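Each chain, written out:
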Amino acid sequence: MKKLLVLMLAVILVSSVFAKITFWTTEVESNRMQRIRALATIFKAQTGIEVEVVPVEENDLLKQIPIAKNAGTLPDLLEGGIEPILLLGSENFLDEDLATKIIMDFGDVYNGAARMLNNGEGKYYGIPFHAWVQGIWYRKDMFASQDLGDPISWYNIALAAKVLTNPDKGVYGIILPKKADAYAEQVFTEIALANGARPIDEMGNVTFNTPEMIEAFRFYKELGKYSKPGFTTVLDALKGYLNGEAAMIFYSTYIMDDIAVEEVQKGRINKFNPELVKNTGFANKMINVRPSSYGQVVALGITKNANKEEVEKFVKFLMTDKNYVYWVHMAPGGMNPTRKSVAESEAFLDNPVLERYGKEKIAEIVAALDSVERFEFLNGKVITDMSKLSANFVIGKAINYMFANDWTPQQTAMWAQKEAEKVLGK
Amino acid sequence: MSVISLREKEARFGWKLVLPTVILISLLILYPVIYNIYLSFFEVSISDAPNKFVGLKNYSEILKDISFWKSFGITILFTFTTVLGSILLGLGVALLMNREFPGRNIVRALLLLPYVTPLIAIVFAWRYIFLPIDGPLMQFLANFGMNPGNDFVNNPNNAFWVVSVFNIWRNFPFVYLMILSRLQSIPTDYYEAAEIDGASDWQKFLHITLPELYFVIASVALLRGIWNFYKFDEVYLMSKFANTLPVYIYEKAFSGIPEQGVAAAIATILFVIMISLIGLYVKKVLKW
């Protein structure tokens, strides 16, 4: 009996020493990685479970999955936007039961955030981890000097872009994404939805060739005229805004610490403008024929072959109390908790950046998560085909070609229509 | 006990010596090649479902796909342009460096830099130089009236040329080294004799230097041709939009909904084309 006990103890000890999970995160910046590694260290000290943190670029996430599968190195847990998570879920990669169980165990996850990960059968592909809202960030001082209204309606946005562009002084009305990547699709989504345009309708038909969609491409191209030249991307937009090169940019709430915190801003552009936080406005919606706002939920997906017990412990560790606050404070304002109890807690709001924007503004942003729209969701249905279009950057490529080849909005829409049909095998 | 002859013993010993190599090559090269051919007949599932046998469907699909033929054409053009470009540049530089001048050793060493510097470092440097508005090259060209807003690297229409020029620049030192080493072993008597006969510099180059260099150039062209036909890293890092076949295969295999069976079929087709081209080249040009 004694021998057996010793043996069991030894097994438990050994297994706890060797218990290990792999976690892919899309937070690849070094300061974020530092925080995540710190959390992993604390977790190991508490539970004996080692977490190997692997940074993966967001745009590369879906490319890495099949490579990892063939190599047998799939992670146990991965962090990603809803597009890759929905796609991986629909391809049968993810443990929906465990994700659903964890959401239920928490009991206070925002419905709006969880809804985006619904598999259509009452379960969830992943656990909503944190979320952001996208809109136009603009220089209130530049707008006031020209007496321009807030950049919410298409008309106001185009007018401001035109009036504020002054290339001789190195100032542009806007910096617009023109490269074939996820950012171009994010920006285009908000524009298209404000015009009532969608790439795929409820019946699953590809609808790039509709008049609303062509109109959306036309508006995008028009803005391109007043944008900084080049096939600019998300980092160009951020840097351009911070150093006063652009009057408007599309960006998520992630920009809040770049604008407000001296060391973060200095890390981006090597100087600091203390007035910027005061001079910055945020248009959290866009209107042409209808209002629309865009946001993203970043979720945790648990793979089928994961070490379930350890992963569950780790997810709950990450999304509880001070660990959770420590995580979302790596990008204050950008990362918003998806658990109500944490979002409303003093600990979350106790942050120099969040304080500068004020509790009301933060509450407004977090609340907007219940109303954000996506191409993937229509009348309570999940359109998983949309993830395939996103994964192939169909919209990004269409925009890229529109500017590179000077295509008309019609040509662009027709190309996107054909490409989307090809990708979906229709 | 049977008696084995010395010859037989030696043969067995020889086999024992090469066996590890044979096994390693089989594992690392033959197995993937064969597995790749096998995969090309399947619709490869990336989830837990088993692969589905589809026969020649992947092949017929590719051969009907316009974007495959487009990529194929671009790859041939890319290989041709870069091999020709790097040989011309390498030859020119080698001829220059074969002359005596003060500081020649330093210049010779500097010339190797593009080839020995880590790829990622020079890719970033090039991208910086080409940056629209703020890039040094664009600012310089703006003095001559060119629009500094041009984005050469990221424009999908220019990507091919940027990548080609970059590849020529990066790889000419290899060609230059090979040619220079051969140049130095050409006996000076030939040139002296030609001089006595009254040959011009051009005639000397055409009738002595070039024939002496023939096999070096031909071999270098073969090597660079093979490498550049399959070139992925330089192309992909510099611009993802250059649309060459290796990038196309990568996109098929690993992006969006991966179609690894189709990618395997493309790789097999390329393999067959490459093997036949090499065979032809070796026979006709290298005259082995």
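Starting from 1, residues in each chain are numbered consecutively following that chain's sequence as written. Here every chain gets a letter starting at A, and every ligand a number starting at 1, in the order they are written. Where totals are concerned, whole chains, interfaces and linings use all residues; where local detail is concerned, this predicted model gives features only for residues with pLDDT of at least 70, and gives and counts side-chain atom pairs only at 80 or more. The basis for the side-chain values is all heavy atoms of the structure; hydrogens and waters are excluded.

Undergrad: Is there a simple way to explain the side chain of Thr-244 of chain B in this structure?
TA: All names here are of chain B. With respect to the secondary-structure elements, Thr-244 resides in the loop between helix H11 (233–238) and helix H12 (245–254). Remark: exposure states derive from per-residue accessible area (1.4 Å probe, protein chains only) relative to the maximum for the residue type, with buried under 20%, exposed over 50%, and partly exposed in between. Using a relative accessible area of 2% as the deciding quantity, one classes Thr-244 as buried. We call two residues contacting when some pair of their heavy atoms lies within 4.5 Å. Once you skip the residues sitting within four places of it in the chain, Thr-244 turns out to touch Ser-71, Ile-74, Thr-75, Phe-78, Lys-231 and Val-235. Working definition: helices are DSSP H or I runs of at least four residues, strands are E runs of at least two. Numbering for both runs from the N terminus.

Undergrad: Mind showing me how you'd approach the packing of aromatic side chains here?
TA: What describes a pair of aromatic rings is the distance from one ring centre to the other and the angle between the planes of the rings. When two rings of Phe, Tyr or Trp (its six-membered ring) have centres within 6.5 Å they constitute a pair, described as stacked for plane angles under 30 degrees, edge-to-face for angles over 60, and tilted for the intermediate range. For the structure on display, the rule yields 41 aromatic pairs over all chains. Aromatic pair Tyr-401 of chain A and Trp-407 of chain A: ring centres 5.6 Å apart, planes at 55°, arrangement tilted. Per residue, the accessibility class of Tyr-401 of chain A equals that of Trp-407 of chain A, and both read buried. When the centroid spacing of 5.6 Å and the interplanar angle of 80° are considered together, the rings of Phe-229 of chain B and Tyr-230 of chain B count as edge-to-face. Since its relative accessible area comes to 36%, Tyr-230 of chain B is described here as partly exposed. A network of ring pairs unites the aromatic residues Phe-23, Phe-43, Phe-129, Phe-314, Phe-317, Tyr-324 and Trp-327 of chain A as a single cluster. Consider the ring centre and the ring normal. A charge sits over the ring if Lys NZ or Arg CZ is within 6 Å of that centre and within 35 degrees of that normal. Looking at Arg-35 of chain A, its charged tip hangs above the ring of Tyr-326 of chain A, at a distance of 4.5 Å from the centre. Stacked on the ring of Phe-403 of chain A, the Lys or Arg Lys-178 of chain A has its end atom at 5.1 Å from the ring centre.

Undergrad: I keep staring at the pattern of salt bridges and nothing clicks. Help me out?
TA: Oppositely charged side chains may form a pair once their charged atoms are brought near each other. All names here are of chain A. Any carboxyl oxygen of Asp or Glu that lies within 4 Å of a side-chain nitrogen of Lys or Arg is treated as forming a salt bridge with it. In this structure the tally under the stated criterion is 35 salt bridges over all chains. Between Glu-275 and Lys-278 there is a salt bridge, with the nearest N and O atoms lying 2.8 Å from each other. Through salt bridges with shared partners, one network takes in Lys-101, Asp-105, Glu-312 and Lys-316.

Undergrad: I tried to follow the interface of chain B and chain A on my own but got confused; where do I start?
TA: The extent of an interface is frequently quoted as the accessible surface area lost upon association of the parts. In this complex, chain B contributes 27 residues to the contact, which on the side of chain A involves 26 residues. Together chain B and chain A conceal approximately 2,200 Å² of surface at their shared face, both sides included; 54% is due to carbon and sulfur atoms. Linking chain B with chain A are 2 salt bridges. For Glu-251 of chain B, the salt bridge identified is with Lys-63 of chain A, shortest N-O distance 3.8 Å. Polar contacts, as counted here, are pairs of nitrogen or oxygen atoms within 3.5 Å of one another; within protein the pair requires one atom able to donate a hydrogen and one able to accept it, and residues that are adjacent in sequence qualify only if both atoms are side-chain atoms. At the boundary of chain B and chain A, one finds 7 residue pairs in polar contact (both at pLDDT 80 or more). When residue character is reported, Ala, Val, Leu, Ile, Met, Phe, Trp, Tyr, Cys and Pro are called nonpolar, Asp, Glu, Lys and Arg charged, and the others, Gly included, polar. Looking at side-chain class alone, the side of chain B that touches chain A contains 11 nonpolar, 10 polar and 6 charged residues. Values labelled buried area give the accessible surface lost by two parts on being combined, using a 1.4 Å probe and summing over both.

Undergrad: How do you make sense of the packing of helix H2 (residues 57–64) of chain B against helix H13 (residues 260–284) of chain B when you look at a structure like this?
TA: For any two helices packed against each other, one specifies the crossing angle of their axes together with the interaxial distance. Residues and elements named next belong to chain B. Across the interface, H2 lies against H13 with an axial gap of 9 Å and an inter-helix angle of 75°. Relative to H13, H2 is oriented roughly perpendicular. Mapping the contact onto sequence places Asn-58, Tyr-59, Glu-61, Ile-62 and Leu-63 in H2 and Gly-261, Val-262, Ala-265, Ile-266, Thr-268 and Ile-269 in H13. Here the contact of H2 with H13 is composed, by residue class, of 7 nonpolar, 3 polar and 1 charged. Only the stretch in contact is used when a helix axis is fitted, and all axes are lines through C-alpha atoms; the angle between N-to-C directions ranges over 0 to 180 degrees. Relative orientations are named as follows: roughly parallel for angles under 35 degrees, roughly antiparallel for angles over 145 degrees, roughly perpendicular for angles from 65 to 115 degrees, and oblique for any other angle.

Undergrad: Please clarify how the nonpolar core should be interpreted in this entry.
TA: Within soluble globular proteins, side chains that are nonpolar generally end up buried alongside one another. Residues Ile-191, Phe-208, Tyr-220 and Trp-327 of chain A are the most contacted members of the largest nonpolar core, which totals 153 residues. What Phe-208 of chain A contacts, discounting residues up to four positions off in sequence, is Pro-199, Met-213, Phe-217, Leu-389, Val-394, Ile-395, Ala-413, Ala-416, Gln-417 and Ala-420 of chain A. Formed by 37 residues, the second largest nonpolar core is a distinct cluster that contains Phe-78, Trp-126, Phe-229 and Tyr-248 of chain B. We define the nonpolar core as a collection of buried residues of types Ala, Val, Leu, Ile, Met, Phe, Trp, Tyr and Cys that are connected through side-chain atoms lying within 4.5 Å of one another.

Undergrad: Help me understand unusual backbone geometry, please; the structure alone is not making it clear to me.
TA: With the exception of glycine, the majority of residues adopt a negative phi angle, and the majority of peptide bonds are in the trans configuration. Residues and elements named next belong to chain A. Backbone geometry places Asp-147, a non-glycine residue, at a positive phi of 55°. As for its position among the elements, Asp-147 is in the loop between helix H7 (140–145) and helix H8 (154–164). Its relative accessible area of 71% is what places Asp-147 among the exposed residues. Backbone geometry at Asp-321 places phi at a positive 40°, although glycine is not the residue there. Relative to the elements of secondary structure, Asp-321 occurs in helix H16 (residues 321–328).

Undergrad: Just checking my understanding: could you explain the confidence of the model for chain B for this structure?
TA: Parts of the model with low pLDDT should not have their predicted coordinates read in detail. Confidence of the prediction at every residue is given by pLDDT, a number between 0 and 100. Averaged over all residues, the pLDDT of chain B is 90; the fraction at 70 or higher stands at 98%. Across the predicted assembly, pTM comes out at 0.81 and ipTM at 0.75.

Undergrad: Would you mind going over the pairing of strand E2 (residues 50–55) of chain A with me for this structure?
TA: Consecutive side chains of a regular strand alternate in pointing toward one face of the sheet and then the other. Two elements, strand E1 (residues 20–25) of chain A and E2 of chain A, share 6 bridges in a ladder whose sense is parallel. Following the sheet pairing, Thr-22 of chain A is matched in E2 of chain A by Glu-52 of chain A. At least two DSSP bridges between two strands are required for those strands to pair.

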